[in-house]
Amino acid sequence: MEIPKTYDPKITEDKWYAHWLKHKFFKSTPDEREPYTIVIPPPNVTGVLHMGHMLNNTIQDVLIRRARMQGKNACWVPGTDHASIATEAKVVALLAEKGIKKTDLSREDFLKYAWEWKEKYGGIILKQLEKLGASCDWDRTRFTMEKDLSDAVIDVFIDLHNKGQIYRGVRMVNWDPQGLTAVSDEEVIHKEVNSKLYYVRYKIENSDEWITIATTRPETILGDTAICVHPEDERYKHLKGKRVIIPMVNRSVPIIFDTYIDLEFGTGALKVTPAHDINDYNLGVKHNLEVIDTIAADGKMSAAAQFYIGEDRFVVRKKIAKELEEMGQIVKIEDIKNKVGYSERTNAVIEPRLSMQWFLKMDTISKPALENVLNGEIKLIPEKFVNTYKHWMENVHDWCISRQLWWGQQIPAWYDDKGNTVVAKTHEEALVKYKILNPESKTLNLKQDEDVLDTWFSSWLWPISVFDGFKNPDGKDINYYYPTNDLVTAPEILFFWVARMIIAGYEYRGAKPFTNVYLTGIVRDKQGRKMSKSLGNSPDPIELIEKFGADGVRVGMLLCSPAGNDLPFDESMCEQGRNFSNKIWNAFRLIKGWEVDSNISQNETNKIAIQWFETKFDEQLEIINDLYSKYRMSEALMATYKLVWDDFCAWYLEMIKPEFVDGKSLPIDKTTYDETLVIFEKILKVLHPFTPFITEEIWHLIIERNDKDCIIVAEWPKTKIEDTLILNHFEVVMEVVSNIRNIRKQKNISPKEKLKLFEKVNQGEIIKKYDTIIMKLCNLSSFEYVDKKVDGAFSFVLKHAEYYIPLSQNIDVAAESERLTKDLDYNKGFLRSVQAKLANEKFVSNAKPEMVENEKKKLADAESKIKAIEEQLAGLK
RNA sequence: GGGAGCUUAGCUCAGCUGGUUCAGAGCAUCUGCCUUACAAGCAGAGGGUCACUGGUUCGAACCCAGUAGUUCCCA
């Protein structure tokens, strides 16, 4: 059977994924083994796979596959998030295309459409993860809005309300006028924009005097209820007790004095609009000011504004500015840069707005979450995020958890027509509670709160709820899998999600939800822009997989992704990954192609090669294991890459490769062949977490195996290093080989031409053990030891010996002498620096003794090498 | 405005508690090879005043201070 020259992922990937599923290798149920658990950061149901998911899930899959091979009970729980605002926006848009307005539908009808939509498109992203090779336990797939998880959310709301941690109140919230909902502080993105600062003068009542204020938002003038100045400000001290007239609306409002005012900004006088600015609101509360809400929920002027009713606030801004100018009340207009908040979901400019919302108190509940990150009980990787985390947790605000949407868990609060409130799971329970609280009331019908809970109010329970920890708090699953081990996610949602999961973990399980949080970087394009659908700069991951294979893409993503650092993505990374797959494939082709002869005995070369590689493998695997334990995924991959490409392919296979005689490969002895298979299997195992598909394919091609004997469940190799001396010896062997190759290259000698080599040992004992290896790798016809230097030969000098290669062609004395002189100069310079160091008394007396010893040894080595080179130079003449 | 981090080869990054003439890797680049596993390959080469300035030290990419640039977080 002819094995194709290049590896074709297309014919293997779907085959093996189906095979793994069929034999339930991803499945996990509690048993006596140690669990290793990861819960997936549930992607939005609306989502399609983007590069961020690719990176994220590749890392999770590498971790889970390695743990599985290490004999742990590996469990990776998948699922999706209902993403209330994002999904609702999609459904609204889809209905709009059909000419249906949300406002024309009942809540029930709208939700019916939404569920239909979810059933149709909600699974796409999980299907895409399969292409990547994600070994999730799909039987455990959860959805944040499914029955059990929704129940958990409602129960938690009721519980926290009973504990007095949840309250309802009128507060200034971040209002998204497009999504028509409140959003949390974390969902507001502040961007610097070019704005105009309008200087507007207001007339002092019963006076000819004017006072000038500066504002970026003249449209809010209609809602002004005071002017504020600093009590120490000499410019305004005389205005105590005076009032001013608000232009256009001609309202008389007081001048108030407060140290909040920044004397330097603008004119030092501030217009106060309690309804439309958080700081003004606070001033209003303090000074008992009237609140006039002039901007409606949709961002248009309300009736209270009296002017421009129904027109958008930004249009009105220009109109008012013009009108004020005509009235002669604009003093000047400056161009400035300021920060404006935008909604993360709809990109609308956020409007500070007073509204009735539900809040979760964060001060006490967040305490354990801060402590246990600071004391290392939960580790953030990389560590630098601990600072950011600490800062946030120490300044945390109450969490606005209500959203004016329909898609999500409806808030279990019930009202009578007077606004009395009870919190309960069902209408019946609510009525019972209500009767107790209001015994004289005859009300039989309570109205449930229209709003739903913030999406994060369900995903913060994820690590508990996926194991039914609320439904069944002492269940087998939750007791076995919780706390989970690793969480892999993006730093952007450290507060949205990670911090809150930790809070919920301590509140509801009295224990952390996970031990390690691996924060991946953000995938960017070459210009450093974040990859996003709106920019259109993100490659389609599925197309990438088709082009380079899932293994290639996995390797490509991981090659350049140190934890927490951004990942400037470039397709060429995946190309490198694909090339690596091909390299592995060809190693397999080579081994598989050998003819085995059980009658010939193993030669010394092969025996030593095996000895060396086994030691090398163990040494490298220990390094790789260590890198994994530090979550240095890129480096673990690079170490694996070099072990396979350099040590195994370039050195080991070249050493044992049977020679070609008369156009035919000689057979290989059985011992070497069998041992090579064992080695190759170990190589495949170490590769498997990174490149699951090709390793499974080769695993089954290299020898006959049954369906259940798969590499996905093979045992991770163990190491036992007995003697590393052979590794040191090989350093010298490789140096010799590289020097000889260099001479070939320089002298333009064909690799086919056989050469003679002479060695003159100057220092230490003569080790002949490796001679046959050098002969094979360098294509030598002979290798002899001599006492004197060989005349008329090319040469090179190592620390312990001189090497000579006689050549048929004439030696270019001048060139040779130049090369040797250069070498000599370098060594002399080196010697001088060492001598200088040793001559420095302060060095000798202050440095560590072993340091000084080391310098002395360097001195001796350098001296002997200089002597050897000088002799050679003399010999040339 | 407050805080944190980063700045090492063309690119992406290593360099642990300071000690092999001021440094490593992968990719990219250049040169030569279609040498029967692999041109998605092989063999070789070039490339860095470790952001800048000063300090501590026998010795600094590493420690300290300042400057510049850059990223992120919070307001």
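Structural data are supplied above this passage.
To keep things clear, this report deals only with the structure shown in the data block. (Residues numbered from 1 in each chain as written. Chains lettered and ligands numbered in written order. Predicted model: local features only at pLDDT ≥ 70, side-chain atom pairs only at ≥ 80, totals over all residues. Heavy atoms only, no water.)

### Concerning a nonpolar patch on the surface
Side chains of V48, Y121 and I124 sit close together on the surface and give an oily, nonpolar patch of about 220 Å² of accessible area. Here I124 shows up in helix α5 (residues 124–132). I124 gets classed as partly exposed once you look at its relative accessible area, which sits at 35%. (Patch = residues over 30% accessible without salt bridge, like charges linked within 9 Å, V, L, I, M, F, W, Y side chains within 5 Å. Areas by Shrake-Rupley, 256 points an atom, 1.4 Å probe, with all protein chains shown as cover. Salt bridge = Lys/Arg side-chain N within 4 Å of Asp/Glu carboxyl O. Helix = DSSP H or I, 4+ residues; strand = E, 2+ residues; numbered from the N terminus. Buried < 20%, exposed > 50% of the residue type's maximum accessible area, 1.4 Å probe, protein only.)

### Here we look at the pairing of strand β22 (residues 484–489)
Remember that side chains alternate between the two faces of the sheet whenever the strand is regular. Across the 6 residues that make up β22, a large majority, 5, are buried. Two strands pair when backbone bridges link them, and β22 and strand β23 (residues 514–519) are joined in this way by 5 bridges, in the parallel orientation. Each bridged residue has a counterpart across the sheet, and for T484 the counterpart in β23 is F514. For the crossover from β22 across helix α15 (residues 494–508) to β23, the handedness is right-handed. (Pairing = 2+ DSSP bridges. Right-handed = clockwise from strand over helix to strand, strands pointing away.)

### Some thoughts on the protein's contact with RNA strand B
Of all residues adjacent to RNA strand B, which total 45 residues, the nearest are N586, R589, Y826, M851 and K858. For RNA strand B, the backbone portion of the atoms within 4 Å of the protein, that is sugar and phosphate, comes to 60%. Listing elements by their share of the surface near RNA strand B, those giving two or more residues are α10 (385–394), α17 (571–593), α19 (633–656), α22 (725–747), α24 (813–839), α25 (841–846) and α26 (849–876). No other element matches α17, which puts 9 residues into the surface near RNA strand B. Broken down by class, the residue content of the surface near RNA strand B amounts to 15 nonpolar, 15 polar and 15 charged. (Near = heavy atom within 4 Å. Nonpolar A, V, L, I, M, F, W, Y, C, P; charged D, E, K, R; others polar.)

### Points about the packing of aromatic side chains
Inspection of every chain in the model, using the stated rule, returns 37 aromatic pairs. With a centroid separation of 5.0 Å and an interplanar angle of 15°, the aromatic rings of W456 and F496 are classed as stacked. In this pair, W456 sits in helix α12 (residues 456–459) while F496 sits in helix α15, placing the two residues 40 residues apart along the sequence. Per residue, the accessibility class of W456 equals that of F496, and both read buried. Through a chain of ring-to-ring contacts, the aromatic side chains of W612, F613, F617, F648, Y652, F680, F730 and Y770 assemble into a single cluster. Lying over the aromatic face of W20, R65 brings its terminal NZ or CZ to 4.5 Å of the ring centre. (Phe/Tyr/Trp six-rings, centres within 6.5 Å; stacked < 30°, edge-to-face > 60°. Lys NZ or Arg CZ within 6 Å of the ring centre and 35° of its normal.)

### Examining unusual backbone geometry
The step from I381 to P382 runs through a cis peptide bond, and the omega angle for that step is -5°. When you line up the elements, P382 lands in the loop between β15 (379–381) and α10. Residue P483 is bonded to the preceding Y482 through a cis peptide linkage, with omega at -5°. Looking at where P483 falls in the secondary structure, it is placed in the loop between α14 (476–481) and β22. Despite not being glycine, M248 shows a phi value in the positive range, around 70°. Among the structural elements, M248 can be located in the loop between β10 (243–246) and β11 (251–257). A positive phi angle, close to 55°, is found at N779, a residue other than glycine. Among the structural elements, N779 can be located in the loop between α23 (771–778) and β31 (780–785).

### Notes on the sheet that holds β15
With parallel pairing, the 3 strands of this open sheet are ordered in space as β15-β23-β22. Every other strand in the sheet has two partners, leaving β15 and β22 as the edge strands with one partner each. Taking each pair of neighbouring strands and ignoring which way they run, the sheet shows an average axis angle of 20°. (Axes fitted to C-alpha atoms, helices over the stretch in contact; angles between N-to-C directions.)

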